[in-house]
Amino acid sequence: MSAPTLPAPARPTPWRVPPLLLAGIVMGGMIVSGWAPRDRVTWLLETVWVIVGLPLVVLARRRFPLTDLLCCLLALHALVLATGGHYTYAQVPLGDWIRDTFGLQRNPYDRLGHLMQGFVPAVLVRELLSRTSPLRGSRWPAPLTVCACLAFSALFELFEWAAAVIGGHDADAFLATQGDVWDTQWDMFCALVGATVSVLVLSRLHDRRMAALEAAAR
């Protein structure tokens, strides 16, 4: 008598979140954000990543589709950037409410933005490393991901420094230092924390979503 055949393990199925729906949500958020912002130049500087990145993701979605997890996080990050661009980070109403409610010295929305600057790009970097390099399955993607996010944060701070040199006081809304002499260091620290938390919390889920994407492509 032959042994019973065990059923094959079910393949992980991709989430049913249409990428074009997310793109539409982001476009809608950008339209609202760009409607009479407090400072047009600041809006452009804060949202240029969305203006450049969204078309790239849409155009590459057939040749190199991203996981649903990454697409959702990128859309959320885009909305955070759009909100900060519309109001300027130091004057976002939600941040003002948190500051007044908890007795903080500054509007904390800028800190949220830099946490997201590490949290979301960490998933993007990890996905690129896992899918396009021989590092998948090794221990290297985690530390390299955190290092890449911290390097990008430092590059962004140099970008802000250049804006301050060129624009002088006109760049204050973009810098959003709010009088904190350690703002640059805090920004990079927040990005480091965001990237580290992202790698620690989302790695297993991210691996499952990448496996689901590969299964759906077969």
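Residues numbered from 1 in each chain as written. Predicted model: local features only at pLDDT ≥ 70, side-chain atom pairs only at ≥ 80, totals over all residues. Heavy atoms only, no water.

**Topic: the nonpolar core**
Definition in use: Residue types Ala, Val, Leu, Ile, Met, Phe, Trp, Tyr and Cys, when buried and joined through side-chain atoms within 4.5 Å, form a set referred to as a nonpolar core. For each residue, the accessible area found with a 1.4 Å probe, counting protein chains only, is set against the maximum for its type, and the residue is called buried under 20%, exposed over 50%, and partly exposed in between. What counts as a helix is a DSSP run of H or I of at least four residues, what counts as a strand is a run of E of at least two, and both are numbered from the N terminus. Contact definition: two residues touch when any of their heavy atoms are within 4.5 Å.
In terms of nonpolar packing, the biggest core is built from 22 residues, with Val26, Met30, Val50, Leu73, Tyr109 and Val123 touching the most fellow members. Looking at this core, the elements that each hand over two or more residues are α1 (19-33), α2 (40-59), α3 (68-87) and α5 (109-132). By residue number, the principal contributor to this core is α3, which donates 9 residues. The residues contacting Tyr109, other than those within four sequence positions of it, are Leu79, Val80, Thr83, Gly84, Tyr89, Val92 and Gly95. Grouped together as the second largest cluster of nonpolar side chains are 5 residues, Ala122, Val146, Cys149 and Val199 included.

**Quick look at the packing of aromatic side chains**
Filter applied, for reference: Two rings from Phe, Tyr or Trp (for Trp, the six-membered ring) form a pair when their centres are within 6.5 Å of each other. A pair whose planes differ by under 30 degrees is stacked, one over 60 is edge-to-face, and the rest are tilted.
According to the stated counting rule, one finds 6 aromatic pairs in the structure shown. Between Tyr89 and Tyr109, the ring centres sit 5.5 Å apart and the planes meet at 40 degrees, which makes this aromatic pair tilted. Of this pair, Tyr89 sits in the loop between α3 and α4 (93-102) while Tyr109 is found in helix α5, placing the two residues 20 residues apart along the sequence. Each of the two residues, Tyr89 as well as Tyr109, counts as buried. Here Trp186 and Phe189 contribute two aromatic rings whose centre-to-centre distance is 5.9 Å and whose plane-to-plane angle is 80 degrees, an arrangement assigned as edge-to-face. Of this pair, Trp186 and Phe189 are both found in helix α8 (residues 183-217), 3 residues apart, which corresponds to roughly one turn of the helix. According to the relative accessible area criterion, Trp186 is partly exposed, its value standing at 42%. Three or more aromatic residues link up through ring pairs in this structure, and these residues are Trp49, Phe152, Phe156 and Phe159.

**Some thoughts on the side chain of Glu157**
Stated precisely, the cut-off is as follows: The convention is simple: Lys and Arg are positive, Asp and Glu are negative, and His and the chain ends are not counted. One speaks of a salt bridge when a side-chain nitrogen belonging to Lys or Arg is within 4 Å of a carboxyl oxygen belonging to Asp or Glu.
Within the secondary structure layout, Glu157 lies in helix α6 (residues 141-167). Salt bridges are absent for the buried Glu157, whose nearest opposite-charge side chain, Arg111, sits at 8.1 Å. Dropping the residues within four chain positions of it, Glu157 is found in contact with His114, Thr184, Asp187 and Met188.

**Section: the packing of α2 against α3**
The criterion, for reference: For every element, the axis is a line fit to its C-alpha atoms; helices are fit only across the contacting stretch, and the angle between N-to-C directions ranges from 0 to 180 degrees. Each angle gets one of four labels, with under 35 degrees taken as roughly parallel, over 145 as roughly antiparallel, 65 to 115 as roughly perpendicular, and the rest as oblique. As a working rule, the residues Ala, Val, Leu, Ile, Met, Phe, Trp, Tyr, Cys and Pro are called nonpolar, Asp, Glu, Lys and Arg charged, and the rest polar, with Gly in that last group.
Where α2 meets α3, the axes come as close as 8 Å, and the angle between the chain directions of the two elements is 170 degrees. Looking at the two axes, α2 sits roughly antiparallel to α3. Note on element contacts: α3 touches α2 through Ala78, Leu81, Ala82, Gly85 and His86, opposite Trp43, Glu46, Thr47, Trp49 and Val50. Taken together, the residues that form the contact of α2 with α3 break down as 6 nonpolar, 3 polar and 1 charged.

**Description of unusual backbone geometry**
One non-glycine residue, Ala36, adopts positive backbone phi at about 50 degrees. Turning to its location among the elements, Ala36 is positioned in the loop between α1 and α2. The phi angle at Thr88 is positive, at roughly 75 degrees, despite the residue not being glycine. By the secondary structure assignment, Thr88 is in the loop between α3 and α4.

**Focus on the confidence of the model for the protein chain**
Definition in use: Per residue, pLDDT measures the predictor's confidence, with a range of 0 to 100.
When pLDDT is averaged across the protein chain, the result is 87; 87% of the residues are at 70 or more. By mean pLDDT, the top-scoring element of the protein chain is α3 (96), and the lowest-scoring one is helix α7 (residues 172-175) (58). Low pLDDT, under 50, characterises residues 6-10; the predicted model gives this stretch 0 contacts beyond four residues in sequence or across chains.

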